[in-house]
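These are the residues of each chain, in order.
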Amino acid sequence: MAQKLIYITNDPQVARIAEAAGTGRVFVDMEYIGKDRRQGGLDTVQLHHTPQDVRNIRGAISAAELLARINPIHDAGPDFSSTEEEIEAVIAAGADLIMLPYYKTRAEAERFLSAVDGRAKTVLLLETPQAADHLDEVLALPGIDEMYIGLNDLSIGYGKKFLFELLADGTVEALAGKIRTAGLPFGFGGIAKPGGGALPAERIIREQVRLGSTRAILSRAFLDSRKEKDPEKIRDIFESGIRGIRAAEEEARNAPEAFFEENRRELKKTVAKIVEGLG
């Protein structure tokens, strides 16, 4: 089964190009609360999209699903008075799926699921050590449609220097095993075009296939549409990049066990070299 590819944008033109090229999901990212404090100094992006962006993307796409990431559980803020108010806004704007980031406890996950109340699909973004510790009890909750393992914040929480250390050291495999056993679809990591990325995208794709991932975010290394503005170049990047990803997935799906063992060895070596270079 090919992974559902996800691209983050609030640009309707880019969303249409991504959809036409085979991206199955467009991601509007409203999260900003606490993100700068957590990720300050790292090469990450705080986009602060809005419900109006959700509406704009809703009007631009038809075949692809629309995912909105809200803020972590909160009861005050400059934009919404509570998580419940934010959820109401994105449902009214037309989101097909709503993602809760940076949750830590079963109670936070339960509050989110209760507020959505089946009116959109729900995605829990597992990206804190506390969420990992409470995974068994959270998976027992009704109303979860999907999980995503967020390696940026999870690696920060575990004191790692490079997000894919968690893929090399077995952390992702352990979490994926529990989610898979619970019968929920899940994904992890961001992927670049094959041949690109600090850790080659092919290595990550092979692990995604091995572990049963069915969702994957296309990273800024795949396309940073805030910098590339030429629609024809954007179209070419999506079409060629997705072809490459699908070819890498197909290769992995038909590969013997030795193929994955070799990939694991090389992935660990590459990650160790990257971490060593970070000092």
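In the block above lies the structure referred to throughout.
Residues numbered from 1 in each chain as written. Predicted model: local features only at pLDDT ≥ 70, side-chain atom pairs only at ≥ 80, totals over all residues. Heavy atoms only, no water.

**Some details on the overall build of the protein**
- Of regular secondary structure, the protein possesses 13 helices and eight strands.
- In terms of overall dimensions, the protein is globule-like: its C-alpha atoms have a radius of gyration of 18 Å, near the 19 Å expected for 279 residues.
- Each principal axis of the C-alpha atoms in the protein carries an extent, and together these give about 50 × 45 × 35 Å.
- The burial tally for the protein puts 52% of its 279 residues in the buried class.
- Only carbon and sulfur atoms are counted for the fraction: they give 49% of the accessible area of the protein, which is about 12000 Å².
- Positive and negative side-chain charges in the protein, numbering 37 and 44 respectively, have mean positions lying 3 Å apart. (Helix = DSSP H or I, 4+ residues; strand = E, 2+ residues; numbered from the N terminus. Rg over C-alpha atoms; globule rule 2.2 N^0.38 Å. Buried < 20%, exposed > 50% of the residue type's maximum accessible area, 1.4 Å probe, protein only. Areas by Shrake-Rupley, 256 points an atom, 1.4 Å probe, with all protein chains shown as cover. Lys, Arg positive; Asp, Glu negative; His and termini not counted. Charge placed at Lys NZ, Arg CZ, Asp CG, Glu CD.)

**Some details on the pairing of strand 4 (residues 97-100)**
- Because side chains alternate across strand 4, one face comprises the buried residues Leu 97 and Met 99, and the other comprises Ile 98 and Leu 100, equally buried.
- Each parallel crossover has a hand, and the one from strand 3 (residues 65-69) via helix 4 (residues 83-93) to strand 4 is right-handed.
- As judged from the four bridges shared by strand 4 and strand 5 (residues 121-126), these two strands associate in the parallel manner. Across the sheet, Ile 98 pairs through a bridge with Thr 122, a residue of strand 5.
- Handedness of the strand 4-helix 5 (residues 106-116)-strand 5 crossover: right-handed. (Right-handed = clockwise from strand over helix to strand, strands pointing away. Pairing = 2+ DSSP bridges.)

**Here's the deal with the sheet that holds strand 1 (residues 4-8)**
- The strand order around the closed barrel built from eight strands is 1-2-3-4-5-6-7-8, with neighbouring strands paired in parallel fashion. Taking the axes of each pair of neighbouring strands and ignoring which way they run, one obtains an average angle of 30° across the sheet.
- Where strand 5 and strand 6 (residues 146-149) come together, four bridges link them in parallel fashion. Note that in strand 6 the partner of Leu 126 across the bridge is Ile 149.
- Each of strand 7 (186-191) and strand 8 (215-218) is contacted by helix 11 (residues 201-211), which is oriented at about 175° to strand 7, the strand it contacts most. (Axes fitted to C-alpha atoms, helices over the stretch in contact; angles between N-to-C directions. Contact = heavy atoms within 4.5 Å.)

**Structural notes on empty space enclosed by the protein**
- One pass over the full model with this rule turns up one cavity of 30 Å³ or more.
- Within this model, the largest cavity holds a volume of roughly 40 Å³.
- Considering the residues around the largest cavity, the lining is formed by Ile 6, Arg 25, Leu 67, Met 99, Val 123, Glu 146, Met 147, Tyr 148 and Arg 215.
- When residues in the lining of the largest cavity are grouped by element, the largest group, three residues, is from strand 6.
- The residue inventory of the lining of the largest cavity, partitioned by class, reads six nonpolar, no polar and three charged. (1 Å grid on protein atoms, 1.4 Å probe; cavity = no way out; pocket = protein on both sides within 12 Å on 5 of 7 lines; lining within 4 Å. Points joined across faces, edges and corners; volume = space filled by probe spheres on them. Nonpolar A, V, L, I, M, F, W, Y, C, P; charged D, E, K, R; others polar.)

**Digging into the pattern of salt bridges**
- By the definition in use, this model includes 23 salt bridges.
- Put simply, Glu 207 and Arg 264 hold a salt bridge, and the shortest N to O gap is 3.0 Å. Within this pair, whereas Glu 207 is found in helix 11, its partner Arg 264 is found in helix 13 (residues 257-278), the two being separated by 57 residues in sequence.
- Residue classification places Glu 207 among the buried positions, given a relative accessible area of 0%.
- Under the relative-accessibility criterion, Arg 264 is labelled buried at 13%. (Salt bridge = Lys/Arg side-chain N within 4 Å of Asp/Glu carboxyl O.)

**A short note on the nonpolar core**
- Judged by nonpolar contacts, the single largest core of 78 residues is most densely connected at Ile 98, Tyr 103, Phe 112, Leu 124, Leu 126, Met 147 and Phe 238.
- When residues in this core are grouped by element, the largest group, six residues, is from helix 12 (residues 231-253). (Core = buried A, V, L, I, M, F, W, Y, C linked by side-chain atoms within 4.5 Å.)

**Brief notes about helix 4**
- Here helix 4 has its buried residues at Thr 83, Glu 86, Ile 87, Ala 89, Val 90 and Ala 93. Taken down its axis, helix 4 places every buried residue within 160° of arc, on the same side.
- Residues of helix 4 that are buried make contact with helix 3 (51-60), strand 3, strand 4 and helix 5.
- A positive backbone phi angle near 105° is found at Gly 94, which sits one or two residues after helix 4. (Arc of directions from axis to C-beta.)

**Quick look at the environment of Asp 29**
- Relative to the elements of secondary structure, Asp 29 occurs in strand 2 (residues 25-29).
- The buried category is assigned to Asp 29, whose relative accessible area is 2%.
- Sequence separation of Asp 29 and Lys 178 is 149 residues, and the distance between their C-alpha atoms is 27 Å.
- Residue contacts for Asp 29: discarding those within four places in its chain leaves Ile 8, Lys 35, Leu 47, His 48, His 49 and Arg 69.
- A polar side-chain atom of Asp 29 sits 3.2 Å from the main-chain amide nitrogen of Glu 31. (Polar contact = N/O pair within 3.5 Å; in protein donor to acceptor, adjacent residues only side chain to side chain.)

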